[in-house]
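Remarks on the overall topology
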Amino acid sequence: MPETKRPVTPLEVNYICDKCNHGMMMEDPSQAVERQGIDHICVICGHQQTLDSSYPRYEFVGVGE
Ligand SMILES: [Zn+2]
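Residues numbered from 1 in each chain as written. Predicted model: local features only at pLDDT ≥ 70, side-chain atom pairs only at ≥ 80, totals over all residues. Heavy atoms only, no water.

**What to know about the pairing of strand S3 (residues 38-42)**
Bridge analysis of strand S2 (residues 25-27) against S3 gives three bridges, and the strand direction is antiparallel. Its bridge partner lying in S3, Met-25 is registered against Cys-42. In terms of strand pairing, S3 meets strand S4 (residues 48-51) through four bridges, oriented antiparallel. Residue His-40 lies in a different strand from S4, and its bridge partner there is Gln-49. The hairpin formed by S3 and S4 contains five residues between the paired strands, and Gly-46 there has a positive phi angle of roughly 80°. (Pairing = 2+ DSSP bridges. Helix = DSSP H or I, 4+ residues; strand = E, 2+ residues; numbered from the N terminus.)

**Focus on the side chain of Gln-49**
Within the fold, Gln-49 resides in strand S4. Of the residues examined, Gln-49 reaches a relative accessible area of 17% and is grouped as buried. A polar atom in the side chain of Gln-49 sits 2.8 Å from the side chain of Asp-18. Apart from residues no more than four positions distant in its own chain, Gln-49 is found in contact with Tyr-15, Asp-18, Met-25, Ile-38, Asp-39 and His-40. (Buried < 20%, exposed > 50% of the residue type's maximum accessible area, 1.4 Å probe, protein only. Polar contact = N/O pair within 3.5 Å; in protein donor to acceptor, adjacent residues only side chain to side chain. Contact = heavy atoms within 4.5 Å.)

**Some details on the packing of aromatic side chains**
Enumeration according to the criterion identifies one aromatic pair in this entry. Taking the centre distance of 5.4 Å and the plane angle of 50° together, the rings of Tyr-15 and Tyr-55 count as tilted. With Tyr-15 in the loop between strand S1 (8-13) and S2 and Tyr-55 in the loop between S4 and strand S5 (57-62), this pair connects stretches of sequence that are 40 residues apart. Residue classification places Tyr-15 among the partly exposed residues on the basis of a relative accessible area of 24%. (Phe/Tyr/Trp six-rings, centres within 6.5 Å; stacked < 30°, edge-to-face > 60°.)

**Examining the coordination of the zinc ion**
At the metal site, the zinc ion is ligated by Cys-17 (SG), Cys-20 (SG), Cys-42 (SG) and Cys-45 (SG), and these contacts range over 2.3 to 2.4 Å. Taken together, the four donor atoms surrounding the zinc ion define angles of 107 to 115° at the centre, an arrangement classified as tetrahedral. Since its relative accessible area comes to 36%, Cys-45 is described here as partly exposed. (Donors = N, O, S within 2.8 Å, 3.2 Å for Na, K, Ca; no water. Tetrahedral: all angles 85-135°; square planar, octahedral: opposite > 155°, others 65-115°.)

So, in structure tokens, the structure goes:
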């Protein structure tokens, strides 16, 4: 199978704080331990929450999709 390239558009996926509904949840690297969920902290109010995915996250979609 030869290499193939195509243009893609990056999308930033964020999780908005459940408590203040304003801040973005950022993964807390100091809590990086092996277990279910990933600890995050709100950049505005400091609310801590364990989420299934890491945020912010980047996804790529094909142009025109
Ligand atoms: Zn918050």
